[in-house]
Amino acid sequence: MSDKSTQLLRIGLPKGSLQEPTMDLFNRAGYNIIAHSRSYRPSVDDKELEIRLLRAQEIGRYVDLGFLDCGITGRDWIAENGADVEVVADLRYSKATSLPTRWVLVVPEDSPIKTVQDLQGKRIATEAMGLTKTYLEKHGVQADIEFSWGATEVKVPELVDAIVDITETGSSLRANKLRIVDTLMESYPQFVSSKAAYLDPWKRKKMERLALLLNGALEARYKVGLKLNLPEHKLEAMLHQLPSLRRPTISHLAGGGWVAVETIIDESVVREIIPELKALGAEGIIEYPLNKVVH
Ligand SMILES: Nc1ncnc2c1ncn2[C@@H]1O[C@H](COP(=O)(O)OP(=O)(O)OP(=O)(O)O)[C@@H](O)[C@H]1O
Ligand SMILES: O=P(O)(O)OC[C@H]1O[C@H](OP(=O)(O)OP(=O)(O)O)[C@H](O)[C@@H]1O
Ligand SMILES: [Mg+2]
């Protein structure tokens, strides 16, 4: 049927570590996803979208094969699978922070292994076999790499000498008394499309709009809006003292003598700035959250 209302974009989203932050991001981008606890086919309030929840490790491959039009998963797994896909957008979010995931070579704190060269003839466990193999080859080191189904941290030093695993905040490494020897890769999620979907004008446009809203929501994450009124003769001093206000919008208030100032700033500097504005003579200071910022 050529009826526009029947057009569908089939998107794969990651279950597991990235599920919650991904659902949260879609929510902030304006899509309400309702995922019933045992269902991998969540419903969404956009009839042009069809969502499938899949393991992060598999999404790249199903997009490459064209079973999904597009998907969101870690760049790490897209690379590991050698998936031949188009990148619609990089999405810089993570599980707990805004730090990227890092794949790290890790040993027990008291291990004699200090550099990759010390791994010669040793045993390494990892979920990312391809990444680890390429890394060792690059350094001319021969070691036994064995596939790990997970819970990899528990395997050193009894079962293997070293592991290659994921870290974000470092708390799992600290809890297991492990030390990083080297970083193999940094990864954020990527929004990827199949070659065919990318060539379909309707799907391409739909994906690009979605990417714009997702990135707009990410951009707004750590920013807030700030509004205040200031005696006009204090304006110069304010702009001079508070460069983090960047280029605010200034409008003149009726009656003269006062200006209204409006700007978007990093949430982290607000607690410094508000008391300074007050000290400068600002009144009616309001801070408000933002849903999206699109440049
Ligand atoms: N703690 C984390 N912080 C940020 N990103 C993470 C974290 N753990 C995993 N990821 C990212 O989520 C994706 C899936 O991670 P992973 O391969 O560990 O699977 P999972 O969803 O955690 O399931 P499991 O580990 O139980 O097999 C990867 O792209 C990875 O980079
Ligand atoms: O540096 P950190 O912030 O501690 O993050 C790293 C942890 O996150 C991942 O586990 P995940 O949450 O995916 O659970 P899993 O063990 O089931 O994979 C990874 O396998 C580490 O255990
Ligand atoms: Mg995991």
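Reading the values: rules and limits
- Residues numbered from 1 in each chain as written.
- Chains lettered and ligands numbered in written order.
- Predicted model: local features only at pLDDT ≥ 70, side-chain atom pairs only at ≥ 80, totals over all residues.
- Heavy atoms only, no water.
- Pairing = 2+ DSSP bridges.
- Helix = DSSP H or I, 4+ residues; strand = E, 2+ residues; numbered from the N terminus.
- Axes fitted to C-alpha atoms, helices over the stretch in contact; angles between N-to-C directions.
- Contact = heavy atoms within 4.5 Å.
- Buried < 20%, exposed > 50% of the residue type's maximum accessible area, 1.4 Å probe, protein only.
- Arc of directions from axis to C-beta.
- Near = heavy atom within 4 Å.
- Polar contact = N/O pair within 3.5 Å; in protein donor to acceptor, adjacent residues only side chain to side chain.
- Areas by Shrake-Rupley, 256 points an atom, 1.4 Å probe, with all protein chains shown as cover.
- Nonpolar A, V, L, I, M, F, W, Y, C, P; charged D, E, K, R; others polar.
- Domains from an automatic or database assignment.
- pLDDT = per-residue confidence, 0-100.
- Salt bridge = Lys/Arg side-chain N within 4 Å of Asp/Glu carboxyl O.

Bringing the sheet that holds strand S5 (residues 70–74) into the picture now. An order of S4-S1-S5-S12-S6 is seen for the five strands of this open sheet, with the pairing classed as mixed. The outermost strands of the open sheet, each flanked by one partner alone, are strand S4 (49–55) and strand S6 (86–90). Neighbouring strand axes in the sheet, compared pairwise and without regard to direction, differ in orientation by 30 degrees on average. Taken together, the two bridges between strand S1 (residues 9–15) and S5 define a ladder with parallel strand orientation. Within the sheet, the bridge partner assigned to Gly12 lies in S5 and is Gly71. Where helix H7 (residues 201–220) meets the sheet, it contacts S1, S4, S5, S6 and strand S12 (189–193), and its direction lies at approximately 25 degrees from that of S6.

Let us look at helix H2 (residues 56–64). For H2, every residue scored as buried is listed here: Ala56, Ile59, Gly60 and Val63. For H2, the angular spread of buried residues about the axis comes to 95 degrees, placing them on one side. Looking one or two residues past H2, Gly66 carries a phi angle of roughly 85 degrees, positive in sign.

Quick look at the environment of Lys203 now. Turning to its location among the elements, Lys203 is positioned in helix H7. With 196 residues separating them in the primary sequence, Lys203 and Gln7 have C-alpha atoms 8.5 Å apart. Setting aside residues up to four positions removed in sequence, Lys203 forms contacts with Leu8, Leu9, Asp69 and Ala197.

Right, let's talk about the site of ligand 1 for a bit. The full set close to ligand 1 counts 15 residues, and Ser17, Arg55, Asp76, Thr101 and Glu168 are the nearest of them. At a separation of 2.7 Å, a nitrogen atom of ligand 1 approaches a polar side-chain atom of Thr101. If ligand 1 stood free it would expose 590 Å²; the protein chains cover 80% of that surface. Of the residues contributing to the shell around ligand 1, the split by class is four nonpolar, six polar and five charged. When residues of the shell around ligand 1 are sorted by domain, at least three fall in each of domain 1 (4–95 + 189–220) and domain 2 (101–187).

Moving on: the confidence of the model for the chain. Confidence in the prediction for the chain averages 94 pLDDT; 98% of positions are at 70 or higher. Across the interfaces of the predicted complex, the ipTM metric reaches 0.93, alongside a pTM of 0.90.

Positionally, Lys195 belongs in helix H6 (residues 195–199). According to the relative accessible area criterion, Lys195 is partly exposed, its value standing at 37%. Between the C-alpha atoms of Lys195 and Asp64, which are 131 residues apart in sequence, the distance is 7.5 Å. Excluding its chain neighbours within four sequence positions, the residues that come into contact with Lys195 are Asp84, Val85 and Glu86.

A few words on the pattern of salt bridges. Under the criterion given, the structure shown has 14 salt bridges. Between Asp69 and Lys203 there is a salt bridge, with the nearest N and O atoms lying 3.0 Å from each other. Of this pair, Asp69 sits in the loop between H2 and S5 while Lys203 sits in helix H7; the two residues are 134 residues apart in sequence, bridging distant segments of the chain. Both residues of the pair, Asp69 and Lys203, belong to the buried class. Note that Asp266 is salt-bridged to Lys223, the shortest N-O span being 3.8 Å. One end of the pair, Asp266, is in strand S15 (residues 258–266); the other, Lys223, is in strand S13 (residues 223–231), with 43 residues separating them in the sequence. Relative accessible area serves as the criterion here: at 28%, Asp266 is assigned to the partly exposed category. Salt bridges sharing partners connect three or more residues here, namely Arg10, Glu50 and Arg52.

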